[in-house]
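Here is what each chain is made of, one letter per residue.
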Amino acid sequence: MCRPESKNNNNKWRDLGWMGLKVQKERVGSGLGSGIGSGRCRMKIWMIRATTSVLLWTCIVQLTALGDMWGPRVLKGWPSCFTHDSVSRAMDIEFPSSRSALLPPKRVYKNNGYLMVSCNGGLNQMRAAICDMVAIARYLNVTLIVPELDKASFWADPSDFQDIFDVDHFITSLRDEVRILKELPPRLKLKVEHGLLYSMPPISWSDVSYYKNQILPLLQKYKVVHLNRTDARLANNGLPPEIQKLRCRVNFSALRFTSQIEELGRKVISLLRKNGPFLVLHLRYEMDMLAFSGCTQGCNSDEVEELTRMRYAYPWWKEKIINSDLKRRDGLCPLTPEETALTLRALDIDRNIQIYIAAGEIYGGERRTTSLSKEYPKLVRKETLLEPSDLRFFQNHSSQMAALDYLVSLESDIFVPTYDGNMAKVVEGHRRYLGFKKTILLNRKLLVDLIDQYNNGVLNWDQFSSAVKKAHARRMGSSSKRLVILDKPKEEDYFYSNPEECLEPSNDLLSST
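Report follows, based on the coordinates. (Residues numbered from 1 in each chain as written. Predicted model: local features only at pLDDT ≥ 70, side-chain atom pairs only at ≥ 80, totals over all residues. Heavy atoms only, no water.)

1. A short note on empty space enclosed by the protein
Alright, step 1. Applying the stated criterion across every chain yields a total of three cavities of 30 Å³ or more.
Alright, step 2. When its volume is computed, the second largest cavity comes out at roughly 50 Å³.
Alright, step 3. Around the second largest cavity, the lining residues are Tyr-285, Leu-290, Cys-295, Thr-296, Gln-297, Arg-328, Cys-333, Pro-334, Thr-336 and Glu-339.
Alright, step 4. Among the residues making up the lining of the second largest cavity, the classes are represented as five nonpolar, three polar and two charged. (1 Å grid on protein atoms, 1.4 Å probe; cavity = no way out; pocket = protein on both sides within 12 Å on 5 of 7 lines; lining within 4 Å. Points joined across faces, edges and corners; volume = space filled by probe spheres on them. Nonpolar A, V, L, I, M, F, W, Y, C, P; charged D, E, K, R; others polar.)

Printed below as a string of structure tokens:
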């Protein structure tokens, strides 16, 4: 036996560390018997330490799991769709980028095939599409290959998925829902490289029955199916609640930007916060937007001709002959910088507030932004806030630039989009999720009519301002029901602008019910 000796013994004690166990120090020159005894002693001590270490480690893991279950969900890498407060705290400059080591358990299921997808459009159109494709892959019990991003559209951004999003987080944070791989297994990859691939565009605004009855049999037959267009391919409404909530989870948690984009976003927000509150103006008045929409209000004849040539140059912009005046009166054009200045002033936006313009180059340059900068002198852009060296790696990467604007838009005190494009809609929904942050949703059809009446002297300033404020009193991004129009998905509210299945009702809605 290995026994500690009495305190009167001159032998020294050896402390074995955090367990506080002590054993008799081996005597120098001990015989063979004592050597064997001391060997057995050391073996027992080693066994005690190993067993205790295992037990303590098990306790730590269990306590961590309990803390993860009952503690603030923002500590998770994949927060629930119902944790706005915790997510808001994480988004307070510290975007949801805490690199949690805790991973959800892998979901085990019979794989029905491999789904490849090629996204089309700008960043936020692709973002929504990725959310849809994850939900579809989960519903069909297939393996999703990391989506391919659009490199052939007008923006010609060469960025891959991993250049914009944290691909490893995307894969691991969703592993309890769907298996995601960076590429096909070697045997299937070789077949695809030899052209053996079934590729097709799914039908727009389809419900899950379409994917179950039409796409799943193709996956089971061909093993690999490639969906070559992904914009708006899943219905806004009429889907199972778990599908809607998974779309939210992907959008608000799994699609995390790269650390490089997040760090630069923090820098921009910090620079803005030093000077007080700020408003983000998504001034959608770039050349491509005007050419695509055919809206030429305020443009001179040379600019109108240039925009028309551009519209005809892109075959996928199908609408060619456009009546700009009629489209504007129908509220289908982005507000001009001049119209935007009048609108902000009518809404009593403080002229001393910082206004961050989240957009590309404004068509017409300073000539078109003069009235806006006159009314609101604290106009800033990422290019004026940051050093050229900060944006060096973002140049000619429009999607990465858009990702930076997205982060700043989420953190702004007020968000005002001048057109309801994809970024405006997705940011609107994300800000609702973060606690119904103030988002002014402009009624363009009404506004252009009021602006024309004011410019023509029909309304004085007080009448004009009062009418604008009254029209937008309940258009500030608070709780509301998503408008559903059967068989007209393009005219109803977009899921990502108001993902109500994932939102807690605000006090405004509760008080009105």
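2. What about the sheet that holds strand S5 (residues 180–181)?
Alright, step 1. Taken in spatial order, the five strands of this open sheet run S5-S4-S3-S7-S6, and their pairing is parallel. Single-partner strands in this sheet number two, and they are S5 and strand S6 (198–200).
Alright, step 2. Pairing analysis gives two bridges linking strand S3 (residues 114–117) to strand S4 (residues 143–145), with the strands arranged parallel. Considered in S4, the bridge of Tyr-114 is made with Thr-143.
Alright, step 3. Helix H7 (residues 208–222) rests against S3, S6 and strand S7 (224–227) of the sheet, and its axis sits at about 155 degrees to S6. (Pairing = 2+ DSSP bridges. Helix = DSSP H or I, 4+ residues; strand = E, 2+ residues; numbered from the N terminus. Contact = heavy atoms within 4.5 Å. Axes fitted to C-alpha atoms, helices over the stretch in contact; angles between N-to-C directions.)

3. Quick word on the nonpolar core
Alright, step 1. Counting residues in hydrophobic clusters, the biggest one holds 83 residues, and the most contacted among them are Phe-161, Phe-170, Val-250 and Phe-257.
Alright, step 2. Considering each element in turn, this core owes the most residues, twelve residues, to helix H3 (residues 123–140).
Alright, step 3. Here Phe-161 is in contact with Ile-130, Val-146, Pro-147, Leu-149, Val-167, Phe-170 and Leu-255, once residues within four sequence places are set aside.
Alright, step 4. Counting residues in hydrophobic clusters, the runner-up holds 37 residues, among them Leu-279, Ile-414, Val-448 and Phe-464. (Core = buried A, V, L, I, M, F, W, Y, C linked by side-chain atoms within 4.5 Å. Buried < 20%, exposed > 50% of the residue type's maximum accessible area, 1.4 Å probe, protein only.)

4. Thoughts on the sheet that holds strand S8 (residues 278–282)
Alright, step 1. One open sheet accounts for four strands, arranged S10-S9-S8-S11; its pairing is parallel. The sheet is open, and its two borders are formed by strand S10 (379–380) and strand S11 (414–417), each paired with just one other strand.
Alright, step 2. Two strands pair when backbone bridges link them, and strand S9 (residues 354–357) and S10 are joined in this way by two bridges, in the parallel orientation. Looking at the pairing, Ile-355 lines up with Leu-379 of S10.
Alright, step 3. Sitting on the sheet, helix H17 (residues 422–433) touches S8 and S11, and the angle it makes with S11 is about 155 degrees.

5. Concerning the environment of Val-268
Alright, step 1. Within the element layout of this structure, Val-268 appears in helix H9 (residues 259–273).
Alright, step 2. Placed 136 residues apart in sequence, Val-268 and Leu-404 show a C-alpha to C-alpha distance of 8.8 Å.
Alright, step 3. Not counting residues up to four positions away in its chain, the partners in contact with Val-268 are Tyr-356, Leu-385, Leu-386, Leu-404 and Val-408.

6. What to know about the packing of H3 against helix H16 (residues 398–411)
Alright, step 1. Running from N to C, H3 and H16 point in directions that differ by 80 degrees, and their axes come no closer than 9 Å. The orientation of H3 relative to H16 falls into the category roughly perpendicular. Contacts between H3 and H16 involve Leu-123, Asn-124, Met-126 and Arg-127 from the former and Ser-399, Ala-402, Ala-403 and Tyr-406 from the latter.
Alright, step 2. Residue composition of the contact of H3 with H16, grouped by class: five nonpolar, two polar and one charged. (Parallel < 35°, antiparallel > 145°, perpendicular 65-115°, else oblique.)

7. A short note on the side chain of Ser-412
Alright, step 1. With respect to the secondary-structure elements, Ser-412 resides in the loop between H16 and S11.
Alright, step 2. Among the residues examined, Ser-412 registers a relative accessible area of 1% and is labelled buried.
Alright, step 3. Within polar-contact distance, the side chain of Ser-412 engages the side chain of Arg-431 at 3.1 Å.
Alright, step 4. The residues touching Ser-412, leaving out its near neighbours within four places in the chain, are Phe-278, Val-280, Arg-431 and Lys-437. (Polar contact = N/O pair within 3.5 Å; in protein donor to acceptor, adjacent residues only side chain to side chain.)

8. Brief notes about the side chain of Gln-354
Alright, step 1. You can see Gln-354 is positioned in strand S9.
Alright, step 2. Residue Gln-354 is classed as buried on the basis of its relative accessible area, which comes to 5%.
Alright, step 3. One polar contact links the side chain of Gln-354 to the main-chain carbonyl oxygen of Asn-275, over a distance of 3.4 Å.
Alright, step 4. Leave out the neighbours within four places in its chain, and Gln-354 touches Leu-272, Asn-275, Gly-276, Pro-277, Phe-278, Leu-279 and Lys-378.

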